[in-house]
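Structural description and commentary
Next come the chains, spelled out residue by residue.
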Amino acid sequence: MNKGQLLYEGKAKRLYQTEQDDILFVEYKNSATAFNGEKKAEIDGKGVLNNQITTLIFEKLKTNGIDSHFVERISEHEQLVRKVDIIPIEVVVRNIAAGSLAKRLGVEEGTPLKRTIVEFYYKDDSLGDPFINNDHIDILGIATKEEVEALYKLGLKVNTVLQPIFEEVGVTLVDFKLEFGRDKDGNVLLADEISPDTCRLWDAETKQKLDKDVFRRDLGSLIDVYKIILARLGGK
Ligand code: C5P
């Protein structure tokens, strides 16, 4: 499969056409960004790690009955994925209060939530990805009622699969963000990536942060903690 024209460049990845209409090339970059792009750095090795970790997670989800756009990891930095139209909604699933939820609701970071919750954010950099509800989604016309229901259910399903996988290797899945797209038949399909860039992952015993908060909050080497996650998931 050959890399064709560059279709899209995001903060962490580039998407290229291939000679096959429904398959795209994804290249994982070494860029790290936080606070809607206000904080930026190039971190050698980050792309390779996120490509490996996302691959392992999408494979584990597939084994557990959750399909995604992921087709194959083809090199250190690259994957092939199925082409989808990204739905501009970031689906955030939370088990423990942290980050923006802790701040917005005044709940101490680390407080377990009574139950898992799902939130929607409007994926729009110029607006800073605002928090939105089902009514906002309706008036914006960015997803149907049925699709919103599917996003909610799939968010919880991914959590149900990933929580025990992480728990088994001594990692607490605090929260994470998912993105979805529509395939050529209009079906909702899990897309983007699932990595320490998009999840909060804490060591179950020491509570050490093993995710992008290390970069956001200047807590040490991002590469060192992403390597821990890769190793715990069985990667090399
Ligand atoms: O910042 P906040 O607490 O809302 O983030 C919730 C989860 O979603 C975190 O795991 C964070 O890494 C992820 N997230 C993301 N991309 C965004 C916003 C949040 O991956 N644009």
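These numbers were taken from a predicted model, which means no experiment stands behind them.

1. Comments concerning the sheet that holds strand β3 (residues 23–28)
The strands making up a sheet are joined through hydrogen bonds of the backbone, oriented either antiparallel or parallel. Taken together, the five strands give an open sheet; going across it, the order is β1-β2-β3-β7-β6, and neighbouring strands pair in antiparallel fashion. Strands with a single pairing partner mark the edges of an open sheet, and in this sheet they are β1 (6–9) and β6 (70–73). Here the average twist between neighbouring strands, direction ignored, is 25°. As judged from the three bridges shared by β1 and strand β2 (residues 13–17), these two strands associate in the antiparallel manner. Bridge pairing links Tyr8 to Leu15 in β2. Each of β3, β6 and β7 (78–82) touches helix α1 (residues 46–63); the most contacted strand, β6, lies at about 130° to it.

2. Here we look at the packing of aromatic side chains
Inspection of every chain in the model, using the stated rule, returns two aromatic pairs. Of note, Lys3 hangs over the ring of Tyr16, and the distance from its end group to the ring centre comes to 4.7 Å. Positioned above the aromatic ring of Phe131 is the side chain of Arg104, whose terminal nitrogen or guanidinium carbon lies 4.5 Å from the ring centre.

3. Some words on the UniProt feature "domain: SAICAR synthetase/ADE2 N-terminal" (unreviewed entry) in the protein chain
Mapped onto the present numbering, the UniProt feature "domain: SAICAR synthetase/ADE2 N-terminal" (unreviewed entry) falls on residues 6–231. A distance of 32 Å separates the end C-alpha atoms of residues 6–231, which is 31% helix and 34% strand.

Each value, and the rule that gives it
Residues numbered from 1 in each chain as written. Predicted model: local features only at pLDDT ≥ 70, side-chain atom pairs only at ≥ 80, totals over all residues. Heavy atoms only, no water. Pairing = 2+ DSSP bridges. Helix = DSSP H or I, 4+ residues; strand = E, 2+ residues; numbered from the N terminus. Axes fitted to C-alpha atoms, helices over the stretch in contact; angles between N-to-C directions. Contact = heavy atoms within 4.5 Å. Phe/Tyr/Trp six-rings, centres within 6.5 Å; stacked < 30°, edge-to-face > 60°. Lys NZ or Arg CZ within 6 Å of the ring centre and 35° of its normal. UniProt positions renumbered as here; feature names shortened; annotations may be inferred.

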